Amino acid sequence: MRQKKNPVMEIVPAIGTIPPKSKVSVSIQLCPQANTPYTFTIMCKIQKDTVDTNNNLFVSSNNSAVLPLCEVVGGGAFPMLCIADAKCDDIGKSVIWKLFNLEGLNKELRSNVSNISLPHSDNVENLAKGEMEDERIPSFTMDFGGGCISSTPRKVYIEISNSGTLPVEWRLLHRHELHSYASRETWHDGNDVLNVSNMVVNDGSGTSIYLTENERHERQLIDQRVFAMKPRYGKLEPKSTATIEFTYNHINVGKGEVPVLLRIENGRQIRLHLIGKTTNIGEKYLHYHSQKHV
């Protein structure tokens, strides 16, 4: 057998000699590159040799026979998630689906994973900022609407489901957690408090990160628990579900926005923009369910 270079399938060994009345084991490794079925026909090229009776030696010949040996069938699959349900105590289900763009999010989750992936940078700032700002990563807005200061927090419960055939490990990551996650260091689980009193912060590995004014405000919102999510990571077996609680607390007057990266291990990543508005008591405002109007 002689193997041509193929990034999807590898045969080891691909060439050799089998002595009389013996056998040899051959391993075939399939490395899928896409979410699609694969079929390969393995051909065996047998070199025909002639015998030199005078010298009692085998002599190679240009004559050869190519025979079908077997067929290899396999498929590629990525970990898959979908939104199974969503509800809120004080907003109707249909409105929540619009405010949180869940139909569009589901469509993106069901689509084929793009071959475009962001390279991990050795620069901490580029790693943290790039994945939150790169336009190649799909982005969706989750709008909590509004309420007056100190009013009851708005809680939205989103049920996610493993719609694929592989176990799914998922995480919801803040900007400052991306470097720690990439290097597998300890990252914030949502129960600790960040110190953002300075414009220069430490990422936990001894590296200083310089924050812009917007990034500093973003981390203050996280520190004050204006936006909260639980759980923020988990693992789902096929056909199993989990419920994530998203909370917006009416602590500060004004509009708040925090980006979150939904990352599926060995799968896709999607950027979620959590936004909400808090007004003074008695203040009126007009809220749009969408920024797009036809």
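None of the values given here were measured: they were computed from a predicted structure. (Residues numbered from 1 in each chain as written. Predicted model: local features only at pLDDT ≥ 70, side-chain atom pairs only at ≥ 80, totals over all residues. Heavy atoms only, no water.)

(A) Quick peek at the environment of G276. In this structure, G276 sits in strand β15 (residues 269-279). You can call G276 buried: its relative accessible area is 3%. Sequence separation between G276 and D143 is 133 residues; the distance between their C-alpha atoms is 5.9 Å. In this structure G276 touches F144, G145, F227, Y248, G254, K255 and G256, once residues within four positions along its chain are discounted. (Helix = DSSP H or I, 4+ residues; strand = E, 2+ residues; numbered from the N terminus. Buried < 20%, exposed > 50% of the residue type's maximum accessible area, 1.4 Å probe, protein only. Contact = heavy atoms within 4.5 Å.)

(B) Main features of the pattern of salt bridges. Per the stated rule, a full pass over the model turns up 8 salt bridges. E245 serves as the salt-bridge partner of K155, at 3.5 Å between the closest nitrogen and oxygen. With K155 in strand β7 (residues 154-162) and E245 in strand β13 (residues 241-248), this pair connects stretches of sequence that are 90 residues apart. Through salt bridges that share partners, R175, E215 and E218 make up one connected network. (Salt bridge = Lys/Arg side-chain N within 4 Å of Asp/Glu carboxyl O.)

(C) Highlighting unusual backbone geometry. The linkage connecting V12 with the following residue, P13, adopts the cis geometry, with an omega of -10°. Along the chain, K230 connects to P231 via a cis peptide bond; the corresponding omega equals -10°. Looking at the secondary structure, you find P231 in the loop between β11 (227-230) and β12 (233-236). Although it is not a glycine, S150 adopts a positive phi angle of roughly 65°. Within the secondary structure layout, S150 lies in the loop between β6 (139-148) and β7.

(D) Representation of the sheet that holds strand β8 (residues 168-173) in the model. Read across the sheet, 5 strands follow the order β6-β15-β14-β8-β12 without closing on themselves; strand pairing throughout is mixed. The open sheet has two edge strands, β6 and β12, and neither has a second partner. Along the sheet, successive strands turn relative to each other by an average axial angle of 20°, direction set aside. In the packing of helix α2 (residues 102-110) onto the sheet, the strands contacted are β6, β14 (254-264) and β15, and the crossing angle to β6 comes to about 155°. (Pairing = 2+ DSSP bridges. Axes fitted to C-alpha atoms, helices over the stretch in contact; angles between N-to-C directions.)

(E) Looking closely at the environment of N35. Mapped onto the elements of the fold, N35 is located in the loop between β2 (27-30) and β3 (37-52). Placed 40 residues apart in sequence, N35 and G75 show a C-alpha to C-alpha distance of 7.1 Å.

(F) Expanded view of the confidence of the model for the chain. Here the chain averages 79 in pLDDT, while 72% of its residues score no lower than 70. Low pLDDT (under 50) marks residues 116-128, which in the prediction has 27 contacts with non-local residues, meaning those over four places away or in another chain. Across residues 183-200, confidence stays below pLDDT 50; counting only partners more than four residues off in sequence or on other chains, it has 44 contacts. (pLDDT = per-residue confidence, 0-100.)

(G) Looking closely at the nonpolar core. Ranked by internal contacts, the top residues of the largest apolar core, which has 38 residues, are L102, L105, M142, I158, I160, L172 and F246. Once residues within four sequence positions are removed from consideration, L102 is found in contact with I83, A86, W97, M142 and I158. Grouped together as the second largest cluster of nonpolar side chains are 7 residues, I11, Y38, I42 and V72 included. (Core = buried A, V, L, I, M, F, W, Y, C linked by side-chain atoms within 4.5 Å.)

(H) Up close: the state of the cysteines. Enumeration over the complete set of coordinates arrives at 0 disulfides. Considering cysteine sulfurs only, C44 is the nearest to C70, which forms no disulfide, with 9.8 Å between them. Note on C70: relative accessible area 33%, which makes it partly exposed. (Disulfide = S-S within 2.5 Å.)

(I) Structural detail: the sheet that holds β11. Strands sit in the order β5-β7-β13-β11 across an open sheet of 4 strands; the sheet is antiparallel. The outermost strands of the open sheet, each flanked by one partner alone, are β5 (81-88) and β11. When strand polarity is set aside, the average angle formed by the axes of neighbouring strands in this sheet is 20°. Examined bridge by bridge, β5 and β7 share 7 bridges and lie antiparallel to one another. Directly across from L81, in β7, lies its bridge partner N162. Against the sheet, α2 engages β5 and β7, with an angle of about 165° to β5.

(J) Highlighting helix α5 (residues 213-223). Residues of α5 that are buried include every one of E215, R216, E218, R219, L221 and I222, and no others. R225 sits one or two positions beyond α5 and adopts a positive phi of about 60°.

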